[in-house]
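What follows is the residue order along each chain.
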Amino acid sequence: MYTMIPFTHMSRSFNDLFDEMERSMFPAQQQGRLPAFRTDIRDAGDHYLLEADLPGFQKGDIDLHLEDGVLTITAKHQETAENKQEGKYICRERRVGSYARSFDMSGIQEDAISAAYENGVLTLKLPKQGEVIPQSRKIAIQ
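About the cut-offs
- Each chain carries its own residue numbering, running from 1 in the direction its sequence is written.
- Only residues with pLDDT of at least 70 are given local features in this predicted model, and only at 80 or more are side-chain atom pairs given and counted; all residues enter the totals for whole chains, interfaces and linings.
- Side-chain measures were taken over the full set of non-hydrogen atoms in the model, leaving aside hydrogen atoms and water.
- We treat two strands as partners when DSSP finds at least two bridges between them.
- Labels follow the DSSP assignment, with helices taken as runs of H or I lasting at least four residues and strands as runs of E lasting at least two, numbered in each case from the N terminus.
- Between N-to-C directions, angles cover 0 to 180 degrees, with each direction set by a line fitted to C-alpha atoms, over the stretch in contact for helices.
- Only residues above 30% relative accessible area that lack a salt bridge enter a patch, with like-charged residues linked at up to 9 Å and the nonpolar side chains Val, Leu, Ile, Met, Phe, Trp and Tyr linked at up to 5 Å.
- Accessibility throughout is a Shrake-Rupley quantity obtained with a 1.4 Å probe, and a residue counts as covered only by protein chains that appear here.
- Should a side-chain nitrogen of Lys or Arg be within 4 Å of a carboxyl oxygen of Asp or Glu, the pair is scored as a salt bridge.
- Charge counting follows a simple rule: Lys and Arg are positive, Asp and Glu are negative, and His as well as the terminal groups are ignored.
- Here the site of a charge means NZ on Lys, CZ on Arg, CG on Asp, or CD on Glu.
- Note on exposure labels: buried denotes an accessible area under 20% of the residue type's maximum, exposed denotes more than 50%, and partly exposed covers the range between, all computed with a 1.4 Å probe on protein chains only.
- The nonpolar core is taken to be a set of buried Ala, Val, Leu, Ile, Met, Phe, Trp, Tyr and Cys residues, with the residues joined through side-chain atoms within 4.5 Å.
- In this analysis, two residues are considered to be in contact whenever any of their non-hydrogen atoms come within 4.5 Å of each other.

> How would you sum up the sheet that holds strand 3 (residues 62-67)? Please name residues and give values.
Sheet architecture is open: 3 strands sit in the order 3-4-5, paired in antiparallel fashion. Both edges of this open sheet fall to strand 3 and strand 5 (97-104), since each of them pairs with a single strand only. Across the sheet, the mean angle separating the axes of adjacent strands is 15 degrees when strand polarity is ignored. Summarising the sheet, strand 3 and strand 4 (residues 70-77) pair through 6 bridges and their orientation is antiparallel. Note on strand 4: the bridge partner recorded for Asp 63 is Thr 74.

> Please give an account of a negative patch on the surface that cites residues and values.
Together, Glu 67, Asp 68, Glu 110 and Asp 111 make up a negatively charged patch on the protein surface. Among the structural elements, Glu 110 can be located in the loop between strand 5 and strand 6 (114-118). Glu 110 gets classed as partly exposed once you look at its relative accessible area, which sits at 35%.

> Give me the lowdown on the pattern of salt bridges, citing residues and values where you can.
As enumerated under the stated definition, the model contains 2 salt bridges in all. The partner of Arg 42 in a salt bridge is Glu 51, with the nearest N and O atoms 3.8 Å apart. Residue classification places Arg 42 among the partly exposed positions, given a relative accessible area of 45%. Between Asp 43 and Lys 128 there is a salt bridge, with its nearest N and O atoms 2.7 Å apart. Placement of Asp 43 in strand 1 (residues 39-43) and of Lys 128 in the segment after strand 7 (121-127) is noted, with a sequence separation of 85 residues between them.

> So what's going on with the nonpolar core? Which residues, and what values?
The nonpolar side chains of a soluble globular protein tend to be buried, and buried together. Counting residues in hydrophobic clusters, the biggest one holds 17 residues, and the most contacted among them are Leu 50, Leu 54, Phe 57, Ile 62, Ile 73 and Leu 122. At the level of secondary structure, the elements contributing two or more residues to this core comprise strand 2 (47-53), strand 4, strand 5 and strand 7. Sequence-distant contacts of Leu 50, that is, excluding residues within four places in its chain, are made with Thr 39, Asp 40, Ile 41, Ile 73, Phe 103, Leu 122, Thr 123, Leu 124 and Leu 126.

> Tell me what's going on with the side chain of Thr 74, and back it up with residues and numbers.
One can find Thr 74 in strand 4. Overall, the relative accessible area of 18% leaves Thr 74 in the buried class. With residues near it in sequence (within four places) discarded, Thr 74 still touches Asp 61, Ile 62, Asp 63, Tyr 99 and Ala 100.

Have a look at this one:
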């Protein structure tokens, strides 16, 4: 019997449940890509701070592309012939594939975005656009 407190019998978050459901319906091997990576976006006053977990990637594996107000973060694991090992795998969880996520950059100073990658975490500083102050002026009549 369940406890009287709602949802306490669930040991995982709803995100984990939906991720598991997606993996069971659309396995990563069939999609040709890995499941989407996790991000945190924090309001830091004059800018937003986006932190994306991308463990196991090198800085050169990550691509940031900004087009038409949309920022796309892509990270690719590629397997080269020299990385292949002979023999059968009994278990192979480290996959070759790619992550990709896109974010709307409305209200962001696109030319002032900065990025850093350290210890498997990509950090983007997204400066907010200043408040638009309505301009008023007097027009002289001729």
